[in-house]
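# Coordinate inspection notes
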Amino acid sequence: METTEIGQAVEARNANMIAMRRDFHRNPELAFKESRTAGIIADQLQANGLEVSTGIAETGVVGLLRGGKPGKTIMVRADIDALPILEEQTADADYRSRTDYVMHACGHDGHTAIALAMASLMAERRDEISGTVKFLFQPAEEIVGGAEPMIKQGVMQGVDAVVGLHLSSNFEVGKVAMRVGPSMANVDSIKITVRGKGGHGSQPEKAIDSVMVACQLVNTLQTIVSREVAPSDAAVLSFGTINGGFASNIIAPEVILTGTVRSYLSEVRDLMIQRIEEIAVGLGKTLRCEVKFEVAYSCPAVVNDQTMTELVHKSASKTLGEQNVLELPPIMGSDDMSLFLKAAPGCYFMVGAGKSDGTSAPHHHPGFDIEENSMAVGARVMTQAVVDYLSR
């Protein structure tokens, strides 16, 4: 398939792609509850003659497109879940979420529509394809829960390479961005439980104040980033919740802290986790509290393979022009696309979906939306990359 032919085929599907994205946006579903979404995906793939597997990691779907000639296998990954956010009332969006406190605030509705358009386009031209394209629709990305069980159920068997995209309000439509190596961060969700001894607020000497210890921990743990991580190695430690206590005049017997730890390098991640536990437990003992440290979940950094990233860069340049292919700055956000990239070489890149005047709401915001003409850009670039890979 030539670049012009791909562009024309995407354009012919653009109206349907937008309509499908709007339907997913009106009817968002949270992690592992994407039954309606999965059903539509399976029906669309079957209608295009793909071999379809459903129920993978509960609500995941895989469609296999076998080309007319032998060759390698490349996987296209799209995430399908929404977020527990109440969407803002906007007068101009007739596709606003119909489910309170659930919305597509990260572009997964667009990712799904793009991959389905690609499957339709490539199925129509399967005789020209050398090899196999596996379309994977992953649940539960937002809770970093879908990729691992899909891999355990064998979705990466026989896969030689993997590609994926993320619509981004940080870049304007017509631009794509990528980088070789770490592009998104390791993430660990941590929980620290501080147990002291409750008592009356008027008699602190008879209690062990878990609130005071928790405050000391929050302050002291910040020194890990400022004093133990090299300035050239980025890292973040942020606490999101502090819960404890019953009343203003009661010294709380227990406080629970939760937070997030992020870095790009595995050795920095290991240092951070080790030192958080050591400092938390040690400071707790010093201040007469029992401290329990837990890592609730972890996700490794997104690391793009050099060869695959160079291939996607060339495909994007061919499609959009070299001036529209940007170097992606490292992002402290995370994505369990990283697990697929550990299983096979690949590239995860950003597709501009923001307004040219920079007024787009950020991801995970109740006012988030995409410029819908970005989907055609993403479909063209990723289709070109898949075709170029299989044609090598």
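Keep in mind the model is a prediction, meaning the values are calculated, not measured. (Residues numbered from 1 in each chain as written. Predicted model: local features only at pLDDT ≥ 70, side-chain atom pairs only at ≥ 80, totals over all residues. Heavy atoms only, no water.)

### As for the overall build of the protein chain
A count of helices and strands for the protein chain gives 10 helices and 16 strands. Relative to the globule expectation of 21 Å for 392 residues, the C-alpha radius of gyration of the protein chain, 23 Å, shows essentially globular dimensions. With the principal axes as the frame, the protein chain shows a C-alpha extent of 80 × 45 × 45 Å. Counting only residues that meet the buried cut, the protein chain has 54% of its 392 residues in that class. In the protein chain, the share of contacts with a sequence separation of at least 24, taken over all contacts with a separation of at least 6, comes to 82%. For the protein chain, the accessible area works out to roughly 16,600 Å², and carbon and sulfur atoms hold 49% of it. In the protein chain, which carries 35 positive and 48 negative side-chain charges, the distance between the mean positions of the two groups comes to 3 Å. (Helix = DSSP H or I, 4+ residues; strand = E, 2+ residues; numbered from the N terminus. Rg over C-alpha atoms; globule rule 2.2 N^0.38 Å. Buried < 20%, exposed > 50% of the residue type's maximum accessible area, 1.4 Å probe, protein only. Contact = heavy atoms within 4.5 Å. Areas by Shrake-Rupley, 256 points an atom, 1.4 Å probe, with all protein chains shown as cover. Lys, Arg positive; Asp, Glu negative; His and termini not counted. Charge placed at Lys NZ, Arg CZ, Asp CG, Glu CD.)

### Topic: helix 3 (residues 108-124)
Taking 1.5 Å per residue as the helical rise, helix 3 with its 17 residues ought to reach 24 Å, and the 25 Å between its terminal C-alpha atoms agrees with that figure. With 16 of 17 residues buried, helix 3 is to be regarded as a mostly interior element. (Expected span 1.5 Å × (residues − 1).)

### Brief notes about the layout of surface pockets
If a probe as big as a water molecule is rolled over the atoms, it shows which places are left empty. Of the voids in this model, the largest pocket is the one considered here, and its volume is about 500 Å³. Cys-106, Met-184, Gly-333, Ser-334 and His-364 are, among the 20 residues lining the largest pocket, the residues nearest its centre. Among the elements that make up the lining of the largest pocket, the one with the highest residue count is strand 5 (residues 161-172) (4 residues). Of the residues that constitute the lining of the largest pocket, the class distribution is 9 nonpolar, 7 polar and 4 charged. (1 Å grid on protein atoms, 1.4 Å probe; cavity = no way out; pocket = protein on both sides within 12 Å on 5 of 7 lines; lining within 4 Å. Points joined across faces, edges and corners; volume = space filled by probe spheres on them. Nonpolar A, V, L, I, M, F, W, Y, C, P; charged D, E, K, R; others polar.)

### Structural notes on the packing of helix 3 against helix 10 (residues 374-390)
One can describe the packing of helix 3 onto helix 10 by two numbers: an axis separation of 9 Å at closest approach and a directional angle of 50°. The pairing of helix 3 with helix 10 is recorded here as oblique in orientation. Helix 3 and helix 10 meet at a crossing whose hand is right-handed. Residue-level contacts link Gly-110, Ala-113, Ile-114, Met-118, Leu-121 and Met-122 of helix 3 to Met-375, Gly-378, Ala-379, Met-382, Thr-383, Val-386 and Val-387 of helix 10. Its residues placed into classes, the contact of helix 3 with helix 10 shows 10 nonpolar, 3 polar and no charged. (Axes fitted to C-alpha atoms, helices over the stretch in contact; angles between N-to-C directions. Parallel < 35°, antiparallel > 145°, perpendicular 65-115°, else oblique. Left-handed = near helix turned anticlockwise from the far one by under 90°.)

### Describing the environment of Ala-353
With respect to the element layout, Ala-353 can be found in strand 16 (residues 346-354). A residue is classified by how much of its surface remains accessible, and Ala-353, at 1% relative accessible area, is buried. When the C-alpha positions of Ala-353 and Ile-370 are compared, they lie 5.3 Å apart, and in sequence the two are 17 residues distant. Among all residues touching Ala-353, those that are not within four sequence positions of it are Leu-167, Ser-168, Ser-169, Phe-171, Glu-172, Val-173, Ile-370, Glu-371 and Ser-374.

### Quick notes on empty space enclosed by the protein
Going through the model one piece at a time under the given rule, you end up with 1 cavity of 30 Å³ or more. Empty space within the largest cavity amounts to approximately 40 Å³. Residue lining of the largest cavity: Arg-77, Ala-78, Asp-79, His-111, Ile-114, Ala-115, Leu-165 and Met-382, and that is the complete set. Put simply, the parts of the chain that give the lining of the largest cavity at least two residues each are strand 3 (69-79) and helix 3. Here the lining of the largest cavity is built from residues that sort into 5 nonpolar, 1 polar and 2 charged.

### Observations regarding the sheet that holds strand 13 (residues 290-299)
Strand order in this open sheet of 4 strands is 10-12-8-13, and the pairing throughout is antiparallel. Strand pairing shows two members of the sheet lacking a second neighbour, strand 10 (235-244) and strand 13, which therefore form its edges. Within the sheet, the average angular offset between the axes of one strand and its neighbour, ignoring direction, is 20°. As paired elements, strand 10 and strand 12 (residues 254-263) share 9 bridges and run antiparallel to each other. Each residue of the ladder has a partner; that of Ala-235, found in strand 12, is Ser-263. (Pairing = 2+ DSSP bridges.)

### Things to note about the pairing of strand 5
Summarising burial for strand 5: 10 of the 12 residues are buried, a large majority. Where strand 3 lies against strand 5, 4 bridges are found, and the strand directions are parallel. When the bridges of strand 5 are listed, Val-76 appears paired with Val-163. Two strands pair when backbone bridges link them, and strand 5 and strand 16 are joined in this way by 8 bridges, in the parallel orientation. Counterpart to Gly-164 in the pairing with strand 16 is Tyr-348.

### Quick look at the sheet that holds strand 15 (residues 325-327)
Neighbouring strands of a sheet are bound in pairs by backbone hydrogen bonds; such pairs are parallel or else antiparallel. Spatially, 1-2-4-3-5-16-6-15 is the arrangement adopted by the 8 strands of the open sheet, whose pairing is mixed. At either end of the open sheet lies a strand with only one pairing partner, and these are strand 1 (51-56) and strand 15. For this sheet, the mean inter-axis angle between neighbouring strands, taken without regard to orientation, is 25°. Running over the sheet, helix 2 (residues 35-47) touches strand 1, strand 2 (60-66) and strand 4 (130-138) and is turned about 10° from strand 2. Across the face of the sheet, helix 3 comes into contact with strand 2, strand 3, strand 4 and strand 5 while running at roughly 155° to strand 4.

### Some points on the nonpolar core
In terms of nonpolar packing, the biggest core is built from 67 residues, with Met-122, Phe-135, Phe-137, Val-176 and Phe-349 touching the most fellow members. In terms of residues, this core owes the most to one element, helix 10, which gives 11 residues. Core analysis: the second largest hydrophobic core is formed by 26 residues, Ile-224, Ala-280, Leu-283 and Val-291 among them. (Core = buried A, V, L, I, M, F, W, Y, C linked by side-chain atoms within 4.5 Å.)

### With respect to the side chain of His-108
Tracing the sequence through the fold places His-108 in helix 3. According to the relative accessible area criterion, His-108 is buried, its value standing at 0%. Within the structure, the side chain of His-108 is placed 3.4 Å from the side chain of Glu-142, a separation counted as a polar contact. When near neighbours in sequence (up to four residues on either side) are disregarded, His-108 contacts Asp-79, Ile-80, Asp-81, Glu-141, Glu-142 and His-166. (Polar contact = N/O pair within 3.5 Å; in protein donor to acceptor, adjacent residues only side chain to side chain.)

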